[in-house]
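Report on the structure
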Amino acid sequence: MKAITAELDGLSIEQLMERYDLGKTQFYERKNRLKLEFDKPKGSKKAIASSAQIQLLDELDDYLKLDGTTIDQFCIMKRIDEPSEQFGELSTYTQSLSDPSLAILTLFDRMTRIMPNSDPIGHIRLLDEACEKGWRLSTPELAQLLQLRTLRGNEIRRYGFICIRQGKNGTTSAWKIQRDDL
């Protein structure tokens, strides 16, 4: 986290752009994707972010520093409206089908929205499906399914699976999942 957000109530857009070392286009992409609306105090021409908004932007900035993560993945994780709402939910599903990793995240998100806590081993079922279909998951996707904050090393054993780092999936590491037959 950048700093204690309670002290930061009232940062302007310019201050936030400097805080995250972003240009105007990059900053507004994040702001709009997170659906943030900043208030303008009476008598001021500058929009000001609240501490809650700054905290969300800090979380997104930290998340994007992970290997190969995207704003869309963050929004799915935080349950912010789907990335392609202007084209309806069908577009999101169509995009998901072309990217198996995003399909897993979308499926996981849908499961938790429809039946929260009704399947305590749902993430293990998704790991099994990824193993069976030979999908290579990105580091943040695998971390979410393994219920870990970070993935260290080149091999992880958990829930009866062995996850082995194998090459790249775009800009992120790709992980192969195998059953651990000990």
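Report on the accompanying structure. (Residues numbered from 1 in each chain as written. Predicted model: local features only at pLDDT ≥ 70, side-chain atom pairs only at ≥ 80, totals over all residues. Heavy atoms only, no water.)

A few points about the environment of Asn169
As for its position among the elements, Asn169 is in strand β5 (residues 161-169). Note: C-alpha distance between Asn169 and Thr139 (30 residues apart in sequence) is 9.2 Å. (Helix = DSSP H or I, 4+ residues; strand = E, 2+ residues; numbered from the N terminus.)

Focus on the nonpolar core
Among the nonpolar cores identified, the biggest contains 21 residues, and Leu16, Phe27, Leu34, Phe38 and Leu57 are the most heavily contacted of them. When residues of this core are traced back to their parent elements, those giving at least two are α1 (13-19), α3 (51-64) and α4 (71-77). With 5 residues, α3 is the largest single contributor of residues to this core. Of all hydrophobic cores here, the second largest spans 17 residues; its members include Ile104, Leu126, Leu127 and Ile177. (Core = buried A, V, L, I, M, F, W, Y, C linked by side-chain atoms within 4.5 Å. Buried < 20%, exposed > 50% of the residue type's maximum accessible area, 1.4 Å probe, protein only.)

Observations regarding the packing of aromatic side chains
Here the structure, examined in full by the defined rule, presents 3 aromatic pairs. Residues Phe27 and Phe38 carry aromatic rings whose centres are separated by 6.4 Å and whose planes lie at 35° to one another, so their mutual orientation is tilted. Here the residue Phe27 occupies a position in helix α2 (residues 24-33), and Phe38 occupies one in the loop between α2 and β2 (48-49), the gap between them amounting to 11 residues. Phe38 shares its class with Phe27; the two are buried. When the centroid spacing of 5.6 Å and the interplanar angle of 50° are considered together, the rings of Tyr63 and Phe74 count as tilted. On the criterion of sequence distance, the pair formed by Tyr63 in helix α3 and Phe74 in helix α4 is long-range, its members being 11 residues apart. This pair shows no difference in class: Tyr63 is buried, exactly as Phe74 is. (Phe/Tyr/Trp six-rings, centres within 6.5 Å; stacked < 30°, edge-to-face > 60°.)

Comments concerning the sheet that holds strand β3 (residues 137-138)
The strands making up a sheet associate through hydrogen bonds between their backbones, and the pairing can be parallel or antiparallel. The sheet built from 4 strands is open, its strands ordered β3-β6-β5-β4 with antiparallel pairing. Of all the strands in the sheet, the pair left with one neighbour each is β3 and β4 (155-158). Bridge analysis of β5 against strand β6 (residues 172-179) gives 7 bridges, and the strand direction is antiparallel. In the strand pairing of β6, Arg165 is matched with Trp175. Of the strands in this sheet, β3, β5 and β6 touch helix α7 (residues 122-133), which is tilted by about 95° from β6. (Pairing = 2+ DSSP bridges. Contact = heavy atoms within 4.5 Å. Axes fitted to C-alpha atoms, helices over the stretch in contact; angles between N-to-C directions.)

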